[in-house]
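Descriptive structure summary
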Amino acid sequence: MDIFFQQVLNGLVLGSVYALVALGYTMVYGILQLINFAHGEVLMVGAMTAVTVVNLLQKSAPGIPGPILLIIGIGCAIPVCIALSLVIERVAYRPLRNAPRLAPLITAIGASIVIQTLAMMIWKPNPIVFPDLLSTEPIELGGALLAPKQALILVVSAVMMGGLLLLVYRTRLGRAMRATAENPRIAALMGVDANRVIALTFAIGAALAAVAGVLVAMNYNIAQFAMGFMPGLKAFTAAVLGGIGNLAGAVVGGLLLGIIESLGAGYIGDLTGGFLGSHYQDIFAFVVLIAVLLLRPSGILGERVADRA
Amino acid sequence: MPEGATPGHWRRALGIGLIAIALVALPFVAGLAGNSWVRILDFALLYIMLALGLNIVVGYAGLLDLGYIAFYAVGAYLYALLSSPHLIEQFEWIAQVLPNGMHAGIWLILPLGAGLAAAFGILLGAPTLKLRGDYLAIVTLGFGEIIRIFLNNLNAPANLTNGPQGISNIDSVSLFGLNLGKKIVLGSPETGSLEVSSVTMYYFLFLALTLLLLVVSVRLQDSRIGRAWVAIREDEIAARAMGINTRNVKLLAFALGASFGGISGALFAAFQGFVSPESFTLNESIVIVAMVVLGGMGHIPGVILGAVLLYAIPETLRHVARPIQESLFGAELIPAEALRMLLFGLSMMLIMLVRPAGLWPAPQRQAT
């Protein structure tokens with residue numbers, strides 16, 4: 001039972017990162033009906049920026065305490081990611097807003113390849129170590145162990161998600177976003193500047209992805225140019241699972257996917273008599289994705305249908 | 001075109017004849033510069049086959065498939081398993097059944113590979129029938145990754161794929177008693193002889209199969225099924241209203257496209273003599289999608305152009321990028337592989353922005 005609880009806890013940690021990234025997908029999808037394929041790369045750039053800054057500061061000023069370094073790292077990652085995301089939106093998506101659906105998807109893949117290759121050239125292909133900035137003494141929680149960094153992931157994600165919900169449902173900008181998602185033309189008639197709202201949506205998504213990227217790098221103590229792909233794909237799955245276009249759905253989907261993965265990886269060996277092992281962890285996301293699209297394409301909380309050509 | 005025996009006919013025949021002569025002479029000319037250039041030609045043909053297959057799914061039927069390389073992998077691993085000592089070394093009972101070793105010939109594996117890949121195509125197609133556009137893209141991407149993860153991990157508990165190390169010692173193709181893995185010498189030393197290298201023989205095998213797949217592609221395009229695919233691509237609901245069984249027709253697109261992939265995969269395994277999961281990454285899938293999309297979706301000459309350009313340019317870069325950079329800047333600033341990916345990414349973006357229908361689009365697509 002303790003193992004079970006531990007796996008659920010690990011799953012929640014994993015899932016809250018997915019949720020952060022999934023929010024970025026789902027916000028953009030809600031407004032533009034477009035999968036921002038390059039979102040995973042934004043996460044990667046966030047992590048790489050933070051790891052560079054943290055390593056530089058640690059070398060030049062060894063006295064700075066870990067948590068402050070972490071905050072500086074996140075603080076540097078966010079603007080870089082926002083700028084990158086705005087450039088992607090401007091170059092790859094905006095000119096194609098009225099083109100056939102395949103076109104922006106292909107430019108997005110192209111952008112993603114370019115960003116990844118540039119990152120590989122800037123930071124070299126080898127993984128960079130992300131130092132331990134927090135204490136490594138685990139916290140005991142009802143029989144399960146939680147590393148401080150994992151606890152931090154849970155807290156930071158919860159705060160960010162809460163902040164986003166407030167922003168979307170309680171502010172003027174949020175209302176403009178919801179209006180644009182509902183009907184861009186009518187929203188424009190009501191005086192909403194659609195281009196500004198879309199750019200801001202990308203910026204907010206990028207900020208969330210930047211934080212998620214730093215958290216991922218911190219959690220695994222490593223950052224690499226290819227690290228954005230898997231979290232990006234899984235977060236997309238999470239967004240679909242929860243119902244794409246739906247903010248609460250992205251959170252639910254992210255957490256659920258994290259738990260499914262963690263439990264799946266923990267128990268798949270026992271379930272299949274040792275035939276499949278925990279290195280199949282990455283498969284669960286895809287299986288979940290296919291199952292959701294088959295059984296309930298609108299997702300858990302969503303109303304949209306998958307058949308949007 | 002009711003022309004009769006007009007000059008147009010002759011010109012056409014002459015054109016085809018010239019192309020045929022050029023295609024036959026090509027490997028020998030390239031061979032003068034070294035066998036590595038013939039190898040590049042061989043791979044270009046493999047990519048043309050893959051692009052033709054994906055063109056059925058993406059170009060004709062309009063279903064974006066980002067996991068196409070999985071079918072290539074299926075064909076390659078089928079050939080690898082059935083023509084290498086791997087299975088016999090791993091499983092006692094197979095060794096007892098086949099005392100002479102595992103040497104299934106190309107005649108058996110090509111149809112088998114095409115069939116198996118088609119079965120996988122249906123397996124992928126069936127659950128995704130209702131999806132369109134970007135959802136389909138992500139699911140197919142996931143499918144491709146699942147296949148790769150399995151290839152990577154199916155070395156335990158039973159060693160089926162040998163995991164990341166891959167399978168080596170794969171037989172080369174043997175046709176009518178002629179082993180394509182070894183060079184042959186035509187004529188005798190006194191009268192002057194012609195040496196035909198292994199890569200050149202593979203070139204002709206690949207060329208023959210490419211032409212076969214090309215004919216199949218053209219015939220499909222002009223057939224009732226081809227028209228049904230285009231109808232689905234343009235408007236699925238209208239197509240259904242016209243009495244097209246969209247489910248079966250879409251599954252057929254997946255299956256046929258996949259079978260092309262299976263065939264080229266088997267050839268790849270035979271040619272390389274070695275397969276490993278590393279050859280079947282998402283990047284490869286994207287490269288093939290790029291060939292089809294950038295060349296001109298649904299337009300066979302465009303797709304071939306796309307495959308040749310996207311394969312040949314990076315491959316030439318690999319040979320010349322380093323010397324050029326070294327002479328210009330004194331050092332290799334951008335590694336060739338990075339340059340290749342940069343070019344892919346940038347050209348995908350640029351062409352979509354500037355020429356969304358591709359470099360050489362089908363005429364009727366221009367009109368819309």
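Residues numbered from 1 in each chain as written. Chains lettered and ligands numbered in written order. Predicted model: local features only at pLDDT ≥ 70, side-chain atom pairs only at ≥ 80, totals over all residues.

Attention now goes to the overall build of chain A. Regarding its fold elements, chain A presents 11 helices and four strands. Expected size for 309 residues packed as a compact globule is a radius of gyration near 19 Å; at 19 Å, chain A falls within 12% of this value. Taken along the three principal axes of its C-alpha coordinates, chain A extends 55 × 50 × 35 Å. When burial is assessed residue by residue, chain A has 50% of its 309 residues classed as buried. (Helix = DSSP H or I, 4+ residues; strand = E, 2+ residues; numbered from the N terminus. Rg over C-alpha atoms; globule rule 2.2 N^0.38 Å. Buried ≥ 20, exposed ≤ 12 C-beta atoms within 10 Å, placed from the backbone.)

From N to C terminus, chain B includes 15 helices and four strands. The C-alpha atoms of chain B give a radius of gyration of 22 Å, which matches the 21 Å a tight globule of 368 residues would have. C-alpha atoms of chain B, sized along the principal axes, occupy 60 × 55 × 55 Å. Of the contacts formed within chain B by residues at least 6 apart in sequence, a portion of 72% connects residues at least 24 apart. (Contact = placed C-beta atoms within 7 Å.)

This next bit is on the interface of chain B and chain A. On the chain A side, the residues contacting the 31 residues of chain B number 35 residues. Every element with two or more residues in the side of chain B that touches chain A is listed here: helix H7 (133-153), helix H12 (282-296) and helix H14 (336-354) of chain B. Grouping the constituent residues of the side of chain B that touches chain A by class yields 23 nonpolar, four polar and four charged. (Nonpolar A, V, L, I, M, F, W, Y, C, P; charged D, E, K, R; others polar.)

All names here are of chain A. In contact at an axis separation of 10 Å, helix H2 (residues 39-60) and helix H4 (residues 102-123) are set at 20° when each is read in the N-to-C sense. Judged on the interaxial angle alone, H4 and H2 are roughly parallel. Where H2 crosses over H4, the two elements pack in a sense that is left-handed. Across the interface between the two elements, Glu41, Met44, Val45 and Met48 from H2 touch Ser112, Ile115, Gln116, Ala119 and Trp123 from H4. Considered class by class, the residues forming the contact of H2 with H4 number six nonpolar, two polar and one charged. (Axes fitted to C-alpha atoms, helices over the stretch in contact; angles between N-to-C directions. Parallel < 35°, antiparallel > 145°, perpendicular 65-115°, else oblique. Left-handed = near helix turned anticlockwise from the far one by under 90°.)

For the rest of this paragraph, the subject is H14(B). End to end, H14(B) covers 26 Å across 19 residues, agreeing with the expected 27 Å (1.5 Å per residue, within 8%). Taken residue by residue, H14(B) has B:Leu339, B:Arg340, B:Met341, B:Phe344, B:Gly345, B:Met348, B:Met349, B:Ile351 and B:Met352 as its buried positions. Buried residues in H14(B) make contact with helix H3 (66-93) and H4 of chain A together with H12 and helix H13 (300-329) of chain B. (Expected span 1.5 Å × (residues − 1).)

Across chain B, the average pLDDT comes to 86, with 96% of residues at or above 70. Interface confidence for the predicted complex, expressed as ipTM, amounts to 0.82; the pTM equals 0.87. (pLDDT = per-residue confidence, 0-100.)

Residue and element names in this part refer to chain A. It is at 8 Å that the axes of helix H1 (residues 2-32) and helix H8 (residues 194-220) come closest, and there the two elements cross at 165°. Between H1 and H8, the interaxial angle falls into the category roughly antiparallel. Along this stretch, H1 crosses H8, giving a crossing that reads as left-handed. Between H1, through Val17, Leu20, Val21, Leu23, Gly24, Met27, Val28, Ile31 and Leu32, and H8, the contact on the second element is made entirely by Ile198, Thr201, Phe202, Ile204, Gly205, Ala206, Leu208, Ala209, Val211, Ala212, Leu215 and Val216. Class assignment of the residues belonging to the contact of H1 with H8 gives a composition of 18 nonpolar, three polar and no charged.

The biggest cluster of nonpolar side chains holds 211 residues, and the ones touching the most others in it are A:Ala47, A:Cys81, B:Ala51 and B:Met291. Each residue touching A:Ala47, except ones within four places of it in the same chain, is listed here: A:Gly213, A:Val214, A:Val216, A:Ala217, A:Ala223 and A:Met227. (Core = buried A, V, L, I, M, F, W, Y, C linked by C-beta atoms within 7 Å.)

Overall, the predicted model of chain A reaches an average pLDDT of 88, with 96% of residues at or above 70. Overall, residues 305-309 of chain A carries pLDDT values under 50, and its contacts beyond four positions in sequence, including any with other chains, amount to 13 contacts.

Time to look at the environment of B:Asn155. All names here are of chain B. With respect to the helices, strands and loops of the structure, Asn155 is situated in the loop between H7 and strand S1 (174-175). Taking the C-alpha atoms as reference points, Asn155 and Gly166, separated by 11 residues in sequence, lie 9.6 Å from one another. Apart from residues no more than four positions distant in its own chain, Asn155 is found in contact with Thr161, Asn162 and Gly163.

What follows concerns helix H3 (residues 69-82) of chain B. A rise of 1.5 Å per residue sets the reference length of H3(B), with its 14 residues, at 20 Å; its end C-alpha atoms lie 20 Å apart and thus fit the reference within 8%. In terms of residue burial, H3(B) counts as a mostly covered element, since 14 of its 14 residues are buried.

This part takes up unusual backbone geometry. One non-glycine residue, A:Asn221, lies in the positive phi region at around 60°. Its place among the elements puts A:Asn221 in the loop between H8 and strand S4 (222-223). Positive phi, close to 60°, is recorded for B:Asn169, a residue that is not glycine. On the secondary structure map, B:Asn169 appears in the loop between H7 and S1. For B:Asn169, a count of 12 C-beta atoms within 10 Å corresponds to the exposed category.

So, about the environment of A:Val87. Position of A:Val87 among the secondary structure elements: in helix H3. When the C-alpha positions of A:Val87 and A:Ala199 are compared, they lie 9.6 Å apart, and in sequence the two are 112 residues distant.

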